[in-house]
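Listed below, chain by chain, are the residues.
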Amino acid sequence: MYANGRPATPARKVTVPEIRARKRSGPPPIGWSPAAPAPIAMVTAYDFTMARLVDEAGVDMILVGDSLGMVVQGLHNTIPVTLDEIAYHCRAVARGTARAHVVGDMPFMSYQVSPTQAVESAGKLMKDGACESVKLEGGEEVAEHVMRIVRAGIPVVGHVGLTPQSVHALGGFKVQGRGDEAAEKIVTDALAIERAGAFAIVLEAVPPDVAARVTQALTVPTIGIGAGAACDGQVLVCTDLLGMMRGHSPKFAKRYAELGDAIVGAVKLYVDEVQAGTFPGPEHTYKPNHVPGEARDVSEMPRLEEVPAPDMRH
Ligand code: KIV
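Reading the values: rules and limits
Residues numbered from 1 in each chain as written. Predicted model: local features only at pLDDT ≥ 70, side-chain atom pairs only at ≥ 80, totals over all residues. Helix = DSSP H or I, 4+ residues; strand = E, 2+ residues; numbered from the N terminus. Buried ≥ 20, exposed ≤ 12 C-beta atoms within 10 Å, placed from the backbone. Contact = placed C-beta atoms within 7 Å. Pairing = 2+ DSSP bridges. Right-handed = clockwise from strand over helix to strand, strands pointing away. Axes fitted to C-alpha atoms, helices over the stretch in contact; angles between N-to-C directions. Core = buried A, V, L, I, M, F, W, Y, C linked by C-beta atoms within 7 Å. Near = placed C-beta within 6 Å. Nonpolar A, V, L, I, M, F, W, Y, C, P; charged D, E, K, R; others polar. Parallel < 35°, antiparallel > 145°, perpendicular 65-115°, else oblique. Left-handed = near helix turned anticlockwise from the far one by under 90°. Expected span 1.5 Å × (residues − 1).

J.: I'd like a rundown of the overall build of the chain, residues and numbers included.
T.: Along the chain, the regular secondary structure elements total 11 helices and 10 strands. Counting only residues that meet the buried cut, the chain has 39% of its 314 residues in that class. Across the chain, every contact between residues at least 6 apart in sequence was considered, and the portion connecting residues at least 24 apart equals 60%.

J.: Break down the environment of Val142 for me, citing the residues and quoting the values.
T.: The topology assignment puts Val142 in the loop between strand 6 (133–135) and helix 6 (143–151). Here the alpha-carbon distance between Val142 and Tyr111, two residues 31 residues apart in the chain, equals 8.5 Å. Excluding residues within four positions of it along the chain, Val142 makes contact with Tyr111 and Leu136.

J.: Any details on the pairing of strand 8 (residues 200–204)? Residues and values, ideally.
T.: Counting buried residues along strand 8, five of its five residues qualify, which places the element largely inside the surrounding structure. A two-sided burial pattern is seen for strand 8, the buried positions comprising Ala200, Val202 and Glu204 on one face and Ile201 and Leu203 on the other. The pairing of strand 8 with strand 9 (residues 222–225) spans four bridges and is parallel. The residue bridging Val202 from the neighbouring strand is Ile223, located in strand 9. In this view, the connection linking strand 8 to its parallel neighbour strand 9 by way of helix 9 (residues 208–217) has right-handed handedness.

J.: Tell me about unusual backbone geometry, and name the residues and values.
T.: Of the consecutive residues Phe279 and Pro280, the connecting peptide bond is found in the cis state with omega at 0°. Within the secondary structure layout, Pro280 lies in the segment after helix 11 (259–276). If you check the backbone angles, Ala205 has positive phi at about 50° while not being a glycine. Take Ala205: it is sitting in the loop between strand 8 and helix 9. Accessibility expressed as a C-beta count within 10 Å gives 22 for Ala205, which makes it buried.

J.: Please provide a residue-by-residue account of helix 2 (residues 48–56), values included.
T.: Taken residue by residue, helix 2 has Ala51, Arg52, Val54 and Asp55 as its buried positions. At the C-terminal side of helix 2, Gly58 shows a positive phi close to 100°.

J.: Could you give an account of the sheet that holds strand 9, with specific residues and numbers?
T.: Spatial strand order, 3-4-5-6-7-8-9-10: eight strands in a closed barrel with parallel pairing. For this sheet, the mean inter-axis angle between neighbouring strands, taken without regard to orientation, is 25°.

J.: Account for the nonpolar core, with residues named and values stated.
T.: In this structure, Met61, Ile62, Val64, Val134 and Ile201 are the most contacted members of the largest nonpolar core, which totals 71 residues. The residues contacting Val64, other than those within four sequence positions of it, are Ala45, Tyr46, Ile86, His89, Cys90, Val93, Val102, Val103, Gly104, Asp105 and Cys131.

J.: Quick rundown of the pairing of strand 3 (residues 40–44)? Include the residues and the values.
T.: Of all the five residues making up strand 3, four are buried; the element is thus mostly covered by neighbouring parts of the structure. With four bridges joining them, strand 3 and strand 10 (residues 233–236) adopt parallel strand pairing. The residue of strand 10 that forms the bridge with Ile40 is Gly233. Across three bridges, the pairing between strand 3 and strand 4 (residues 61–64) is parallel. Residue pairing across strands places Met42 opposite Met61, the latter belonging to strand 4. Following the backbone out of strand 3, through helix 2 and into the adjacent parallel strand 4, one traces a crossover that is right-handed.

J.: Can you tell me about the site of the ligand, naming the residues and giving the values?
T.: With respect to spatial proximity, the complete set of residues near the ligand consists of Thr44, Leu63, Gly65, Asp66, Ser67, Asp105, His159, Val202, Glu204, Ile225, Val235 and Val237. For the shell around the ligand, the class distribution of residues is five nonpolar, four polar and three charged.

J.: So what's going on with the packing of helix 8 (residues 180–195) against helix 9? Which residues, and what values?
T.: Contact geometry for helix 8 and helix 9: axes closest at 10 Å, N-to-C directions at 30°. For the element pair helix 8 / helix 9, the angle class is roughly parallel. Where helix 8 crosses over helix 9, the two elements pack in a sense that is right-handed. In this structure, helix 8 contributes Ala183, Ile186, Val187, Ala190 and Leu191 to the contact, and helix 9 contributes Val210, Arg213, Val214 and Ala217. The class makeup of the residues in the contact of helix 8 with helix 9 is eight nonpolar, no polar and one charged.

J.: Explain the environment of Pro39 to me, and be specific about the residues and the numbers.
T.: Position of Pro39 among the secondary structure elements: in the loop between helix 1 (16–20) and strand 3. Distance from Pro39 to Ile19, taken between C-alpha atoms, is 9.7 Å for residues 20 residues apart in sequence. Setting aside anything within four residues of it in sequence, one finds Pro39 in contact with Arg24, Asp232, Gly233 and Gln234.

J.: Now, about helix 11: what can you tell me, with residues and values included?
T.: Between its first and last C-alpha, helix 11 extends 25 Å over 18 residues, near the 26 Å set by a 1.5 Å rise per residue. Counting buried positions along helix 11 gives zero out of 18 residues, so the element sits mostly on the surface. Positive phi shows up at Gly277, right after helix 11, with a value of about 75°.

Written out as structure tokens, the structure reads:
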């Protein structure tokens, strides 16, 4: 599918109605078929190269998450990430994506102020970021914002449970929905966002029984991260999945590879070879103009007066 670093023939994109139809359990949505469809596989990506690889691997959705603040920028949380930064990374991801649906994450304070601000920010991500839908965090308190964005023709993914933009209000990156009241609040929030028109909802860091309850209650798919197996799909941060992060990683972040170690090993080898003078070898070097030690045939070299004058017209 990929030639010269770019998709040769544009693949057919995964569409919003197709994602809605991936609802596996709970009340049947419009277009639902009795045979349970495969769960949705979503992953984050922040640049062209990663987007191209995860797209080639067959993910359904790519999220340009505000987690880029922590993964790409090295911040402690996602709060400082700006709309322009998300749009910049979305553009790069969109260029690398032939098939997957690209979701742009709305960063802190790009939508909370008012429904009008939310529509303007979502519009900017669609126009400047070339994404195909937007995601925003929150429940009932942002339902009107979601409704206004959807009315503007922009598909919305909701995000309830642990909402990292509220890290200080929540007292840290902690599991949400423990206890009956807190669980009930998550169900209520998810229903409010569905009613507002979201076509899928991310459920982050909630107990599996709460995620199952939400999934049963909704007609749109739930996409879990640290929310157990009952969700209609799963999302992971690409660098967690690939084992590129150092230090603590959350319990739910299964490492499918150890690319961090592989990168360190490869770069160490490169350093060793540069220092030993064994890189670059002849196979990584262009053909020389003149082989050292070989006599040049002076008779074949043009005399100065035979060298054509440069064409100065251009
Ligand atoms: O920003 C992000 O990467 C996210 C996922 C963790 C769902 O919101």
